[in-house]
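Next come the chains, spelled out residue by residue.
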Amino acid sequence: METWLLPHDITAAQCKVMLLMYREGLETSAELCRRMNLDSGATSRMLDRLENKNLIVRVRCCTDDRRQMRLSLTDTGRVFCWQLPSIITHTLNDLMAPLTPAEFKEFARLLNKLVDPAGI
């Protein structure tokens, strides 16, 4: 995935943050910490990098407590998120390229065997 993210100057971890914000509507650092299982310092540094890349913006949500911030995708961030299906498709195609058609069929069979009981 890193290969396809390189032109966007974004890491897979940063991509995950963007995806959680875009698809699941997460809008606080605390929510992202819990979902990504990261400490607040690591999350804050990642958010700083995304903000410096103009992909997200922090918006003060309360006048009473200056520490309370909401996160929001910028227009640039939303455009990046719209490109994610294509990036993921390219990534998966690259990952599966070494498999022969028979190996791919077997891989799909085994994956379904794991996924079906899990209800995914």
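These numbers were taken from a predicted model, which means no experiment stands behind them.

Draft legend 1. Region of the structure containing unusual backbone geometry. Its identity as a non-glycine residue notwithstanding, asparagine 37 has a phi of 60 degrees, on the positive side. Within the secondary structure, asparagine 37 sits in the loop between helix H3 (29-36) and helix H4 (40-52). Residue classification places asparagine 37 among the exposed positions, given a relative accessible area of 68%. Positive phi outside glycine occurs at asparagine 54, with the angle close to 60 degrees. Here asparagine 54 lies in the loop between H4 and strand E1 (56-60). We classify asparagine 54 as partly exposed; its relative accessible area is 43%.

Draft legend 2. The arrangement of the state of the cysteines in detail. Tallying each qualifying case throughout the model produces zero disulfides. Unpaired in terms of disulfides, cysteine 15 finds its nearest cysteine sulfur in cysteine 81, a separation of 7.4 Å. With a relative accessible area of 3%, cysteine 15 lands in the buried category.

Draft legend 3. View of the pattern of salt bridges. For the structure shown, the criterion picks out six salt bridges. Between arginine 35 and glutamate 24 there is a salt bridge, with the nearest N and O atoms lying 2.2 Å from each other. Taken together, the residues arginine 35 in helix H3 and glutamate 24 in helix H2 (residues 12-24) connect sequence positions eleven residues apart. Judged by relative accessible area, which is 44%, glutamate 24 ranks as partly exposed. The partner of aspartate 48 in a salt bridge is arginine 58, with the nearest N and O atoms 2.8 Å apart. With a gap of ten residues between them, aspartate 48 in helix H4 and arginine 58 in strand E1 connect regions that are remote in the sequence. Via salt bridges that share partners, Asp48, Glu51 and Arg58 belong to a single interconnected network.

Draft legend 4. Just the nonpolar core, in detail. One finds Val17, Met18, Leu32, Leu50, Ile56 and Phe80 to be the most contacted residues of the largest nonpolar core, which totals 21 residues. The element contributing the most residues to this core is H2, with five residues.

Draft legend 5. Representation of the packing of aromatic side chains in the model. Evaluated as defined, the whole model comprises one aromatic pair. With a centroid separation of 6.5 Å and 40 degrees between ring planes, the pair formed by phenylalanine 104 and phenylalanine 107 is classed as tilted. One end of the pair, phenylalanine 104, and the other, phenylalanine 107, are both in helix H6 (residues 101-118), three residues apart, so they sit about a helical turn from each other. A residue is classified by how much of its surface remains accessible, and phenylalanine 107, at 33% relative accessible area, is partly exposed.

Draft legend 6. Representation of H3. Of the positions making up H3, those classed as buried are Leu32, Cys33 and Met36. The arc that holds every buried residue of H3, seen down its axis, measures 105 degrees, which confines them to one face. The inward-facing, buried residues of H3 abut H2, H4 and strand E2 (69-73). The first or second residue beyond H3 is asparagine 37, which carries a positive phi of 60 degrees.

Calculation rules
- Residues numbered from 1 in each chain as written.
- Predicted model: local features only at pLDDT ≥ 70, side-chain atom pairs only at ≥ 80, totals over all residues.
- Heavy atoms only, no water.
- Helix = DSSP H or I, 4+ residues; strand = E, 2+ residues; numbered from the N terminus.
- Buried < 20%, exposed > 50% of the residue type's maximum accessible area, 1.4 Å probe, protein only.
- Disulfide = S-S within 2.5 Å.
- Salt bridge = Lys/Arg side-chain N within 4 Å of Asp/Glu carboxyl O.
- Core = buried A, V, L, I, M, F, W, Y, C linked by side-chain atoms within 4.5 Å.
- Phe/Tyr/Trp six-rings, centres within 6.5 Å; stacked < 30°, edge-to-face > 60°.
- Arc of directions from axis to C-beta.
- Contact = heavy atoms within 4.5 Å.

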